[in-house]
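Analysis of the macromolecular model
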There are 2 protein chains.
Amino acid sequence: MRYSLLAGGKRVRPILAIAAFQMFAQGGAQAALEPVMPTALAVEMIHTMSLIHDDLPAMDDDDFRRGKPTNHMVYGEDIAILAGDAMLSYAFEYVARETRDVDPVRVLEVIRLLSNCVGPEGLAGGQVMDLESEGKTDVSLETLTWIHTHKTAALLRVSCAGGAVIGGASEDDVQRVSDFAVKIGLAFQIADDVLDVTQSTEMLGKTAGKDEATNKATYPRLLGLEGSRQQAERLVAEAKECLAPYGERSKNLLALADFIINRSN
Amino acid sequence: MRYSLLAGGKRVRPILAIAAFQMFAQGGAQAALEPVMPTALAVEMIHTMSLIHDDLPAMDDDDFRRGKPTNHMVYGEDIAILAGDAMLSYAFEYVARETRDVDPVRVLEVIRLLSNCVGPEGLAGGQVMDLESEGKTDVSLETLTWIHTHKTAALLRVSCAGGAVIGGASEDDVQRVSDFAVKIGLAFQIADDVLDVTQSTEMLGKTAGKDEATNKATYPRLLGLEGSRQQAERLVAEAKECLAPYGERSKNLLALADFIINRSN
């Protein structure tokens, strides 16, 4: 569990949770972060457990992740499966046990959001559809977008929504930051697909050119490299539009949107 | 998820949750069961997901469970891993979303109990130790008991504790039903080991004689068949003693204890 959780990574999801929290918490950017930290850590734990399981030989069969051998390469498949299971449940335990000074009704809402985004309506559902699309040459843009809305965007959405809920946001506000995050999530995935084509394994910290080698449906294959870049930029613009009502308060989330579209690994 | 959850099974854990709930809920055995049902279903979901993952080739490599081919035999390893992940998170979602007319503080306490019993201090920890003991001929009674306290007894404990918490039990009461359940859990495991030796695959609904074939540490190997039976009876007597203060109110839990020690599959 430690090996994979502490293997690095950009920590995009916890940062989204914190930025969304600060938009709505009393005190704004000066608000103490303690109330949101368990949620911020939980989304990273869920992200990490999904990577551990996705990398397994029975799934995507990846040997490297974040520049290091994958969990099962080091500890074996059995321990990797259990580390993922334990990390998933620990994420819920951590939120339920460590969130202080927050209305329990809001804590339960965060647990509902987190758990919903892992199951059939989230990561697992997206991964199943992804596996079923493997080797197919006729995967449509609609299916690809469905996959990534569930596989990638769901957890980004919940990172923002969870942070906002802990910060005391209204239902409308939670919806707005959720919409923002889904659009950013799709842009993020498109950027990932583009990087897989254009960057080296060393730069990425994971095996490059893998999508092409495994004949995987990707945005570059469906839209071309330039078309993919444009689509990502369009989504980021729409995402930013979702936050227009908040003005200065949304500046950290907006900066994250730029970071995501401009990143090179 | 449906295939494994609806494959039958004795539903011991939900029944424990319901019986413990009725001991403390207003109205007792006449209390409406709605408040405890999400918890009762969640413990069965967690039990089922742990079976799906334990049966995987990388773990215990079992082909049959509850008289049917195991999940990965029907759907493949990838889907079996995802079905387990999705069912684990769905258990938390279900409790968080569907528990009504219960103080949110108590709902959060149930989520804490459930999540704690899956992770390093529960099922996953027990399974890791079990895997590490494989093929070893010098596993002590102490280690074997540690394994089963985590692998088997933890979820039975939480089934009782969760039901009691939803029913409004005090901390002391929760502790007592937890102690009861741990002892019953160990007796349950001993009975399971004995059945593996004495029953046919057909009777069990899963591969019989597997412990012996894989050289697994079991109670019959350490204590003999008769010694194991005696140990199980002693644990059941101690378990019943935990519930002595409750008199008539504990009659359903006591009946379950007898069922567990007398079952033949």
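Residues take numbers from 1 onward in each chain, read along the sequence in its written order. Both sets of labels track the order of writing: A upward for chains, 1 upward for ligands. Selection of residues for local features in this predicted model requires a pLDDT of at least 70, selection of side-chain atom pairs for listing and counting requires 80 or more, and totals for whole chains, interfaces and linings are taken over all residues. Side-chain figures throughout are based on the complete set of non-hydrogen atoms in the structure, without hydrogens or water.

Quick word on helix H3 (residues 37-54) of chain B
Helix length check: H3(B), at 18 residues, gives a terminal C-alpha distance of 26 Å against a target of 26 Å (1.5 Å per residue), a fit within 8%. Here the term buried applies to any residue with accessible area under 20% of the maximum for its type, exposed to any over 50%, and partly exposed to those in between, with areas from a 1.4 Å probe on protein chains only. Secondary structure elements follow DSSP: runs of H or I no shorter than four residues count as helices, runs of E no shorter than two count as strands, and numbering proceeds from the N terminus. The buried fraction of H3(B) is high, at 16 of 18 residues. Here the expected span of a helix is defined as 1.5 Å times the quantity of residues minus one.

Points about the relation of the copies chain A and chain B
When the copies are overlaid, the least-squares fit takes in C-alpha atoms only where the residue has pLDDT of at least 70 in both copies. The two copies are related by a screw motion: chain A maps onto chain B through a turn of 180 degrees and a shift of 0.0 Å along the axis, at an RMSD of 0.0 Å. The transformation relating the two chain copies, once decomposed into turn and shift, fits a two-fold axis. Judged by C-alpha distance, A:Pro104 is the residue of chain A that lies nearest the rotation axis, at 3.0 Å. We call two residues in contact whenever any of their non-hydrogen atoms come within 4.5 Å of each other. The share of interface residues of chain A whose copies in chain B are also at the interface is 100%, consistent with both copies meeting through the same surface.

Details of a nonpolar patch on the surface
Patches draw on residues past 30% relative accessible area with no salt bridge. Two like charges within 9 Å are joined, as are two nonpolar side chains (Val, Leu, Ile, Met, Phe, Trp, Tyr) within 5 Å. Throughout, the Shrake-Rupley method with a 1.4 Å probe supplies accessible areas, and for residues the shown protein chains are the sole cover considered. For this document, the term salt bridge refers to a Lys or Arg side-chain nitrogen within 4 Å of an Asp or Glu carboxyl oxygen. A cluster of nonpolar side chains, A:Met73, A:Val74 and A:Tyr75, forms an exposed patch at the surface whose accessible area comes to about 290 Å². Mapped onto the elements of the fold, A:Tyr75 is located in helix H4 (residues 71-75).

Considerations on the state of the cysteines
Only a pair of cysteine sulfur atoms within 2.5 Å qualifies as a disulfide here. Following the criterion strictly, the structure yields 0 disulfides over all chains and no others. Left unpaired, B:Cys117 is separated from the closest cysteine sulfur, that of B:Cys160, by 12 Å.

Some words on the interface of chain A and chain B
Counting residues at the interface gives 34 residues for chain A, matched by 34 residues for chain B. Summing both sides of the interface, chain A and chain B together bury roughly 3000 Å²; the carbon and sulfur share of this comes to 78%. Here chain A and chain B share 0 salt bridges between them. Two N or O atoms form a polar contact when they lie within 3.5 Å of each other; inside protein one atom must be a possible hydrogen donor and the other a possible acceptor, and for residues adjacent in sequence the pair counts only when both atoms belong to side chains. If you look at where chain A meets chain B, you find 10 residue pairs in polar contact (both at pLDDT 80 or more). Elements that contribute at least two residues to the side of chain A that touches chain B include exactly helix H3 (37-54), helix H5 (77-98), helix H6 (104-118) and helix H7 (123-133) of chain A. It is H5(A) that provides the largest number of residues to the side of chain A that touches chain B, a total of 13 residues. Looking at the side of chain A that touches chain B, its residues break down into 22 nonpolar, 6 polar and 6 charged. Here's the idea: put two parts together, see how much 1.4 Å probe accessible area each one loses, and the total over both is what we call buried area. Residue polarity is assigned by list, with Asp, Glu, Lys and Arg as charged and Ala, Val, Leu, Ile, Met, Phe, Trp, Tyr, Cys and Pro as nonpolar; anything else, Gly included, falls into the polar class.

Quick word on the packing of aromatic side chains
Residues and elements named next belong to chain A. Centre distance within 6.5 Å is the pairing criterion for rings of Phe, Tyr and Trp, where only the six-membered ring of Trp is used; planes under 30 degrees apart are then read as stacked, over 60 as edge-to-face, and the remainder as tilted. Scanning all chains against the criterion turns up 7 aromatic pairs over all chains. Plain terms: the ring middles of Phe-24 and Tyr-246 are 5.6 Å apart, the flat faces sit at 90 degrees to each other, and that makes the pair edge-to-face. Of this pair, Phe-24 sits in helix H2 (residues 12-24) while Tyr-246 sits in the loop between helix H12 (219-242) and helix H13 (251-262), and the two are 222 residues apart along the sequence.

Here we look at the packing of H5(A) against helix H6 (residues 104-118) of chain B
A fitted line through C-alpha atoms serves as each axis, taken over the contacting stretch for helices, and the angle formed by two N-to-C directions is quoted from 0 to 180°. Axis separation between H5(A) and H6(B) bottoms out at 8 Å; the angle between their running directions is 150 degrees. Taken together, the axes of H5(A) and H6(B) are roughly antiparallel relative to one another. Read as a crossing pair, H5(A) and H6(B) show a hand that is left-handed. Here A:Asp85, A:Ser89, A:Phe92, A:Glu93, A:Ala96 and A:Arg97 of H5(A) come into contact with H6(B), specifically with B:Leu108, B:Ile111, B:Arg112, B:Ser115, B:Asn116 and B:Val118. Each residue belonging to the contact of H5(A) with H6(B) can be placed in one class, and the counts come to 5 nonpolar, 3 polar and 4 charged. In this scheme, roughly parallel covers angles under 35 degrees and roughly antiparallel covers those over 145, while 65 to 115 is roughly perpendicular and the rest are oblique. Note: crossing handedness is left-handed where the near helix turns anticlockwise from the far helix by less than a right angle, and right-handed where it turns clockwise.

Let's talk about empty space enclosed by the protein
Of the two site types, the cavity is a set of points on a 1 Å grid over the protein atoms alone where a 1.4 Å probe fits but cannot get out, and the pocket is an open set with protein on both sides within 12 Å along at least five of seven lines, each lined by residues with an atom within 4 Å of a point. Grid points are joined across faces, edges and corners, and a volume is the space filled by probe spheres set on the points. Summed over all chains, the structure comprises 3 cavities of 30 Å³ or more. A volume near 110 Å³ is recorded for the largest cavity. Lining of the largest cavity is provided by 13 residues; of these, B:Ser4, B:Asp55, B:Arg65, B:Thr70 and B:Asn71 occupy positions nearest its centre. Elements represented by at least two residues in the lining of the largest cavity include exactly helix H1 (2-5), H3 and strand S2 (68-69) of chain B. With 3 residues, H3(B) is the largest single contributor of residues to the lining of the largest cavity. Among the residues forming the lining of the largest cavity, the class breakdown is 5 nonpolar, 4 polar and 4 charged. Computed from the structure, the second largest cavity encloses a volume of approximately 90 Å³. Lining the second largest cavity are 13 residues, and of these A:Ser4, A:Ala7, A:Ile52, A:Arg65 and A:Asn71 sit closest to its centre. Broken down by secondary-structure element, the contributors of at least two residues to the lining of the second largest cavity are helix H1 (2-5), H3 and strand S2 (68-69) of chain A. Broken down by element, the lining of the second largest cavity gets its largest block of residues, 3 residues, from H3(A). Tallied by class, the residues present in the lining of the second largest cavity amount to 5 nonpolar, 4 polar and 4 charged.

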